[in-house]
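Residues per chain, in single letters:
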Amino acid sequence: ASDVAGLVLRTLNATQVEQAAALKPTFVSIGLFGNEILGPATSGTAVDGVTVMPAAMYAASYQAVVNTLKAAQGGTGKGVAQLIPDITTIPFTSTIPPFITSGGQVVMGPNGQPLTFLSSRGGDATGGGAGVAPIPATSLVNITASAFLATGYGIPCAVLDAGGAPANDPRRTNCNKPLPDNANAQLGLPGVVLYPEEVALLKARGAEFNEQIRAIATAAGYKVFDTTAFFTDLRTHGREYAGITVNAAFLSGGLISYDGVHPTSLGYAVWADEMVRFINANYGTTIPRPDLSAYLFSGSSAQGGYPVNFGAALTTEDAIAWGAAIYTPEVMRTLADTFPVSARTAAAAPETEEAPVPAEPRGRSARIDD
């Protein structure tokens, strides 16, 4: 992580804020987009005060950023402060439902209720620490779970039997074994399940952070752009350009990239367009809006690019197959090294003889056309 930070900061021995302030900017855009809650969400490990930053600590950090930039602008802030999107609704956390599906249909249990994936409730990425049990129906399952689901973790063997899965189905290797709950930094493996109380913590803390952004930024003179509402609208309604509908669905929506978190070039262009209109409306400027045609009609259909039929919904099985191909073991180890979870979380992880092994990627077309 230090190497990445050094590259971004150009080895000038100054933080991002210090470098920005040194330029004596006349206009700034402040976007602290919540790694303090995004990290816990993507690692499947939301523990208040351990992996999730307390609200007071975030407020102090944000206040310091605003004070530095405002002082560099002569004592009155001019620019835009952006809120944090709801990380519990981004494709990374919301694409795979908690329910087991087969042939596009939710598998029902003997009690008439949908069956949910198995997980090590209270355990970690070694599968230890707690017994195997179905996850609550209001849990979130991260897209990184795809790498485990592809080889059977989280799926009862009885479901494969009832569905007529052949003996050589790769999921039979690990069926009846739990999806990893919390991350284990020692093994470089993520947790992939967010339980209802973790979801509630992340949503509440994100709302608290946004309240602090509004209060601190407004008091300093900055205009607040509601990034939360913007991304919610992209997810709910999308956008239509010349008959092309795009939205924030995983891969097929066209606005969010392979990782399920960051926008595509088109997504960033749509975001920039929204920002330009906001700035012009609030500051009386006439900044030209970006030409979206350059992003709508260039690159999207190239081999290796994201699926081209924008707006189409992926089935759960398709999403899992794509997710397993994207979040390979190598990718997940790299992410664990670059964005480590709390050392306290790693130290608390029990040791067992066997750890779940994400699926190696299988051959897959880079397009979805049907």
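Please read these numbers as outputs of a predicted model, since none were measured by experiment. (Residues numbered from 1 in each chain as written. Predicted model: local features only at pLDDT ≥ 70, side-chain atom pairs only at ≥ 80, totals over all residues. Heavy atoms only, no water.)

Participant: Before we go on, may I ask you to explain the pattern of salt bridges in this structure?
Facilitator: Under the counting rule described, the total for this entry stands at 11 salt bridges. A salt bridge links Arg205 to Glu208; its shortest N-O distance comes to 2.7 Å. Of this pair, Arg205 and Glu208 both sit in helix α8 (residues 196-220), 3 residues apart, which is roughly one turn of that helix. Taking the relative accessible area as the measure of exposure, Arg205 reaches 8% and is therefore buried. (Salt bridge = Lys/Arg side-chain N within 4 Å of Asp/Glu carboxyl O. Helix = DSSP H or I, 4+ residues; strand = E, 2+ residues; numbered from the N terminus. Buried < 20%, exposed > 50% of the residue type's maximum accessible area, 1.4 Å probe, protein only.)

Participant: Would you take a moment to explain the state of the cysteines for this structure?
Facilitator: Here a disulfide denotes a covalent bond joining the sulfur atom of one cysteine to the sulfur atom of another. Counting across every chain of the model gives 1 disulfide. Between Cys157 and Cys175 runs a disulfide, and the two sulfur atoms are separated by 2.0 Å. Across the S-S bond of Cys157 and Cys175 the torsion is about 90°, and the bridge reads as right-handed. Highlighted residues: Cys157 in helix α7 (residues 157-162) and Cys175 in the loop between α7 and β8 (193-194), separated in sequence by 18 residues. One exposure class covers both Cys157 and Cys175, and it is buried. (Disulfide = S-S within 2.5 Å.)

Participant: Any chance you could explain helix α9 (residues 227-236) here in plain terms?
Facilitator: Residues three or four positions apart in an α-helix share a direction because the helix packs 3.6 residues into each turn. Those residues of α9 that fall on the buried side of the exposure criterion are Thr227, Thr228, Phe230, Phe231 and Leu234. What you see down the axis of α9 is that its buried residues fit within an arc of 165°, all on one side. Elements that come into contact with the buried residues of α9 comprise β2 (79-82), α8, β9 (223-225), β10 (239-241) and α10 (265-283). Following α9 by one or two positions, Gly238 has its phi on the positive side, about 70°. (Arc of directions from axis to C-beta. Contact = heavy atoms within 4.5 Å.)

Participant: Is there a simple way to explain unusual backbone geometry in this structure?
Facilitator: A positive phi angle, near 50°, is found at Lys24, a position not held by glycine. Note that Lys24 resides in the loop between α2 (16-22) and β1 (28-30). The exposed category is assigned to Lys24, whose relative accessible area is 56%. Despite not being glycine, Ala242 has its phi angle at roughly 50°, a positive value.

Participant: Teacher, can you tell me more about the packing of aromatic side chains here?
Facilitator: Geometrically, a pair of aromatic rings is defined through the distance of the ring centres and the angle of the planes. Counted by the stated rule, this structure contains 12 aromatic pairs. Summarising the aromatic geometry, the rings of Phe33 and Trp271 are spaced 5.4 Å apart at their centres and angled 65° between planes, so their arrangement reads as edge-to-face. Of this pair, Phe33 sits in the loop between β1 and α3 (35-42) while Trp271 sits in helix α10; the two residues are 238 residues apart in sequence, bridging distant segments of the chain. Judged by relative accessible area, which is 31%, Phe33 ranks as partly exposed. Using a relative accessible area of 11% as the deciding quantity, one classes Trp271 as buried. Residues Tyr268 and Trp271 carry aromatic rings whose centres are separated by 6.0 Å and whose planes lie at 10° to one another, so their mutual orientation is stacked. Taken together, the positions of Tyr268 and Trp271, both in helix α10 and 3 residues apart, correspond to about one turn of that helix. One aromatic cluster is present, formed by Phe33, Phe225, Phe230, Phe231, Tyr268, Trp271 and Phe278 through successive ring pairs. (Phe/Tyr/Trp six-rings, centres within 6.5 Å; stacked < 30°, edge-to-face > 60°.)

Participant: Quick question: what am I supposed to make of the nonpolar core here?
Facilitator: Soluble globular proteins tend to bury their nonpolar side chains together. Membership of the largest hydrophobic core comes to 63 residues, with the highest contact counts inside it found for Ile30, Tyr62, Phe117, Leu149, Leu179, Leu202 and Tyr222. Ranked by the residues each element gives to this core, the list is headed by α8, at 8 residues. Ignoring sequence-local partners within four residues, the contact set of Leu149 consists of Ile96, Phe117, Ile155, Arg171, Leu179 and Ile320. Ranked by size, the runner-up nonpolar core spans 19 residues in total, among them Phe230, Leu234, Tyr241 and Trp271. (Core = buried A, V, L, I, M, F, W, Y, C linked by side-chain atoms within 4.5 Å.)

Remember, this is a structural readout, not a statement about activity or role.
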